[in-house]
Amino acid sequence: MRYECRYVDAENGILKWEDIEVEDPYLRDVVTGEKPRLKTRFRACWTADALHIRFECEDDHVVATMERRDDPIYLEDVVEVFIDKSGTGAVYYEFEVSPRNVVFDALIHYNGGDKEVDVAWDAKGIYTQVSEGADGWRTYDLRIPFADLDWERGQNFTPHHGAEWRWNLYRIDDDVEGNRHYWAWSPTGKVDFHMPHRFGTLVFVKE
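Here goes a summary of the coordinates provided. Since this is a predicted model, take the numbers as computed values, not measurements. (Residues numbered from 1 in each chain as written. Predicted model: local features only at pLDDT ≥ 70, side-chain atom pairs only at ≥ 80, totals over all residues. Heavy atoms only, no water.)

## Things to note about the pairing of strand 10 (residues 137-145)
Burial within strand 10 is extensive, with 8 of its 9 residues counted as buried. Where strand 4 (residues 50-58) and strand 10 come together, 9 bridges link them in antiparallel fashion. Note on strand 10: the bridge partner recorded for phenylalanine 55 is tyrosine 140. Summarising the sheet, strand 9 (residues 127-132) and strand 10 pair through 6 bridges and their orientation is antiparallel. Among the inter-strand pairings, tyrosine 127 is bridged to a residue of strand 10, identified as arginine 143. Linkage of strand 9 to strand 10, two consecutive antiparallel strands, is achieved through a turn of 4 residues, within which glycine 136 is found at a positive phi near 85 degrees. (Buried < 20%, exposed > 50% of the residue type's maximum accessible area, 1.4 Å probe, protein only. Helix = DSSP H or I, 4+ residues; strand = E, 2+ residues; numbered from the N terminus. Pairing = 2+ DSSP bridges.)

## Points about the side chain of aspartate 105
Residue position: aspartate 105 is located in strand 7 (residues 103-111). Within the structure, aspartate 105 has its side chain in polar contact with the side chain of arginine 69 (distance 2.4 Å). A polar atom in the side chain of aspartate 105 sits 2.9 Å from the backbone nitrogen of alanine 123. (Polar contact = N/O pair within 3.5 Å; in protein donor to acceptor, adjacent residues only side chain to side chain.)

## Quick word on the nonpolar core
Counting residues in each nonpolar core, the largest one holds 40 residues, and the members touching the most others are Tyr3, Phe55, Val81, Phe95 and Trp167. Met66, Tyr92, Tyr110 and Phe193 belong to the second-largest nonpolar core, a separate cluster that totals 16 residues. (Core = buried A, V, L, I, M, F, W, Y, C linked by side-chain atoms within 4.5 Å.)

## Examining the environment of valine 79
Take valine 79: it is sitting in strand 5 (residues 78-84). Taking C-alpha positions, valine 79 is 10.0 Å from glutamate 56, a pair spaced 23 residues apart along the chain. Excluding anything up to four places from it in sequence, valine 79 contacts Phe55, Cys57, Phe95, Glu96, Val97, Tyr140, Tyr170 and Arg171. (Contact = heavy atoms within 4.5 Å.)

As structure tokens, this is what we get:
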């Protein structure tokens, strides 16, 4: 799985998402890779200082009660982004947003089946927004500054043309019967998102 993330010049910080090609196919069942119950499509691009991601989610039932940053919103409806800059799987970032625009972010240290989730770590400059459409779709926008992805101090954290990171995108959704559904851009083969060896590749393109 590879996604070409294109560079854009955002005038006054405003992105024209309609000019960014939507990813197709949609997120799929995390275990089987089959078509999900609801559609989840995404777009991504980068600017001089940040990575921008938009989820567009078909939604017919919302479960979202939590209100504070770093609450365990993954127990309810949520979209998620995992980013591994080094590609080794040893350290990666986790970002989540709920339908109420509550953010969970953490730095993950991963060693095989064991992982340490550092919830105290925060992306200080992250910006998120959630909007609801009249047609039953919900849109999640994330702006993640490259300056926040700097756990290895002193290293250049800004990508260049041709740079490749590892990443994955997910969604968890509860239906009206209380069944939980797990979807991913790059399916992991099991109900476990923390499988960095199953991440896909994010390719930065600047033409």
